[in-house]
Amino acid sequence: MRAAEPEPSGEPVTMATIARIAGVTQPTVSRAFNHPEKLSPETLDKIMDAVRRTGYVPNMVAGGLASNRSRMLAAIVPSITNIIYSALVQTFAALVRERGYQVMLMESGFDAEEEARLVRTALARRPEGLLLTGVDHSPACRRMIEGAALPTVEVWDLSAQPIDVCVGFSHDGAARAAAEWLLARGYTRFAVVSADDPRALRRRTAFCEAVAAAGHPPPDEILFPGFASLRRGRDALSRLVADGLLAPGGKSAIFCSSDVLAQGILIEAQARGLSVPRDLGLMGFGDQDFAVDLHPALTTVRVDRSMLGQRAAEALILRIDAVAGSERRIDIGYRIIERDSA
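Residues numbered from 1 in each chain as written. Predicted model: local features only at pLDDT ≥ 70, side-chain atom pairs only at ≥ 80, totals over all residues. Heavy atoms only, no water.

### Points about the overall build of the chain
From N to C terminus, the chain includes 12 helices and 12 strands. If you line up the chain on its principal axes, its C-alpha atoms span 80 × 45 × 30 Å. Considering the chain as a whole, with its 342 residues, one finds that 49% of them fall into the buried category. A separation threshold of at least 6 residues defines the contact pool for the chain, and within that pool the share at least 24 residues apart is 69%. Within the structure as shown, the chain displays about 16,000 Å² of accessible surface, and the carbon and sulfur contribution to it stands at 52%. Between the centroid of the 39 positive side chains of the chain and the centroid of its 41 negative side chains there is a distance of 2 Å. (Helix = DSSP H or I, 4+ residues; strand = E, 2+ residues; numbered from the N terminus. Buried < 20%, exposed > 50% of the residue type's maximum accessible area, 1.4 Å probe, protein only. Contact = heavy atoms within 4.5 Å. Areas by Shrake-Rupley, 256 points an atom, 1.4 Å probe, with all protein chains shown as cover. Lys, Arg positive; Asp, Glu negative; His and termini not counted. Charge placed at Lys NZ, Arg CZ, Asp CG, Glu CD.)

### Examining the packing of aromatic side chains
This structure, assessed with the given rule, holds eight aromatic pairs. Ring centres 6.4 Å apart and planes at 70° place the aromatic pair Tyr-85 and Phe-110 in the edge-to-face group. Linking Tyr-85 in helix α5 (residues 83–98) with Phe-110 in the loop between β2 (102–107) and α6 (112–124), this pair joins segments that are 25 residues apart in sequence. Through pairs of rings, three or more aromatic residues link up here, namely Tyr-85, Phe-110, Trp-156, Phe-169, Phe-227 and Phe-285. Positioned above the aromatic ring of Phe-285 is the side chain of Arg-203, whose terminal nitrogen or guanidinium carbon lies 3.9 Å from the ring centre. (Phe/Tyr/Trp six-rings, centres within 6.5 Å; stacked < 30°, edge-to-face > 60°. Lys NZ or Arg CZ within 6 Å of the ring centre and 35° of its normal.)

### Brief notes about the sheet that holds strand β9 (residues 281–283)
One open sheet accounts for four strands, arranged β7-β6-β8-β9; its pairing is parallel. Strands with a single pairing partner mark the edges of an open sheet, and in this sheet they are β7 (220–224) and β9. Adjacent strand axes in the sheet meet at a mean angle of 15°, parallel and antiparallel pairs treated alike. Here strand β6 (residues 189–195) pairs with strand β8 (residues 252–256) via five bridges, running parallel. In the sheet register, Val-192 faces β8, and the bridge partner there is Phe-255. Together, β6, β7 and β8 form the strand contacts of helix α10 (residues 230–242), whose direction differs from that of β7 by roughly 150°. (Pairing = 2+ DSSP bridges. Axes fitted to C-alpha atoms, helices over the stretch in contact; angles between N-to-C directions.)

### Re the layout of surface pockets
Leftover empty space is mapped by rolling, across the atoms, a probe with the size of a water molecule. Estimated volume of the second largest pocket: approximately 300 Å³. What lines the second largest pocket is a set of 20 residues, and nearest its centre among them are Asn-82, Tyr-85, Phe-110, Ser-257 and Ser-258. The set of elements that each furnish at least two residues to the lining of the second largest pocket consists of α5 and α9 (198–213). A total of three residues in the lining of the second largest pocket trace back to one element, the largest contributor, which is α9. Residue composition of the lining of the second largest pocket, by class: 10 nonpolar, seven polar and three charged. (1 Å grid on protein atoms, 1.4 Å probe; cavity = no way out; pocket = protein on both sides within 12 Å on 5 of 7 lines; lining within 4 Å. Points joined across faces, edges and corners; volume = space filled by probe spheres on them. Nonpolar A, V, L, I, M, F, W, Y, C, P; charged D, E, K, R; others polar.)

### Description of helix α1 (residues 15–22)
Within the span of α1, buried status applies to Thr-17, Ile-18, Ala-19 and Ala-22. Tucked into the core, α1 has its buried residues touching α2 (26–34) and α3 (41–54). Taking the backbone nitrogen of Ala-16 as reference, a side-chain oxygen 3.2 Å away marks Thr-14 as the first, capping residue of α1. (Polar contact = N/O pair within 3.5 Å; in protein donor to acceptor, adjacent residues only side chain to side chain.)

### Regarding the packing of α10 against helix α11 (residues 259–271)
Between α10 and α11, the shortest axis-to-axis distance is 7 Å and the interhelical angle comes to 55°. Comparing the axis directions of α10 and α11 gives the class oblique. Read as a crossing pair, α10 and α11 show a hand that is right-handed. Mapping the contact onto sequence places Leu-230, Arg-231, Arg-232, Gly-233, Arg-234, Leu-237 and Ser-238 in α10 and Val-260, Leu-261, Gln-263, Gly-264, Ile-265, Ile-267, Glu-268, Ala-269 and Ala-271 in α11. Tallied by class, residues from the contact of α10 with α11 come to eight nonpolar, four polar and four charged. (Parallel < 35°, antiparallel > 145°, perpendicular 65-115°, else oblique. Left-handed = near helix turned anticlockwise from the far one by under 90°.)

### Quick look at the pattern of salt bridges
Enumeration according to the criterion identifies 21 salt bridges in this entry. The salt bridge partner of Arg-204 is Glu-221, with a shortest N-O separation of 3.3 Å. Residue Arg-204 is located in helix α9, and its partner Glu-221 is located in strand β7; the two are separated by 17 residues in the primary sequence. For Glu-221, a relative accessible area of 39% translates into the label partly exposed. Among the salt bridges present, the one from Arg-234 reaches Glu-268, with a minimum N-O distance of 2.8 Å. Separated by 34 residues along the polypeptide, Arg-234 in helix α10 and Glu-268 in helix α11 bring together distant segments of the chain. Among the residues examined, Arg-234 registers a relative accessible area of 24% and is labelled partly exposed. (Salt bridge = Lys/Arg side-chain N within 4 Å of Asp/Glu carboxyl O.)

### Quick word on the environment of Leu-123
On the secondary structure map, Leu-123 appears in helix α6. Look at Leu-123 and you get buried, because its relative accessible area is 15%. The spacing of Leu-123 and Arg-339 is 216 residues in sequence and 45 Å in space, taken between C-alpha atoms.

Keep in mind these numbers describe shape, not what the thing actually does.
In structure tokens:
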């Protein structure tokens, strides 16, 4: 039977109150908030029940100052609405929460200067760890992080010299694999529709080099600043059609830096009466949730976002705990997902 709710006393609820109700010591209550993994499930349940019944909110700022532990991690991503990043952060946050950490989420918008400003803001709040997107940072940003000696995980890319630890995949390799897949299926004329962030640009370059190495004309290229959108995908196909991209016999293919751009191209193709893949092959990147439900279903490059978030959380916790011998470069790979658009 559940314990009765305590009668309001008019006195503030303190850690001593929680300790008395739960029948434990104050240091044990403190441990429940700062190191819950060190308590038995039974003891933790008694303390959390007392917290629920009293409405007690611990002063984590004071606790952090006393222990030099903030129990907070900072995560900086280009966009908090893009599923590519939000799915990663969701998995990351869920796993670190199990270890008693909370995540301060910040949005940089693919702007290196804004990322540096956010890093400065985050460091002033003394997080115990930092998650960054990509490995391309301004020199000032990198100096701040290295000067703080803060455990840091860079995600969505790989580097031979990470700030601390990186978890990602080869963008060059993924783009070459995409080009080789399309070449093997008989496509002879190509275009690349891409955003202009550093990772997308590396994929564009690697794709174009693979096509040239196979003896074909250089792909047409359309670059958009900032974020991908359906409108930009539609505009890209309009420009490519006007430039004469479509080769006889359906031998043309477009490689996009995101599934969103590919979806926009697909919408424009249908509006123009073009058949995908009969008139035009189409490949996206990211394998977002909607890709399989498009008509035709989108051929794309899959990166396991949940795995990325999981490995990033595990790697950062190991660095915070100063575990010797932990990996500094973790490659989760990629996979071509063959569907109906190419």
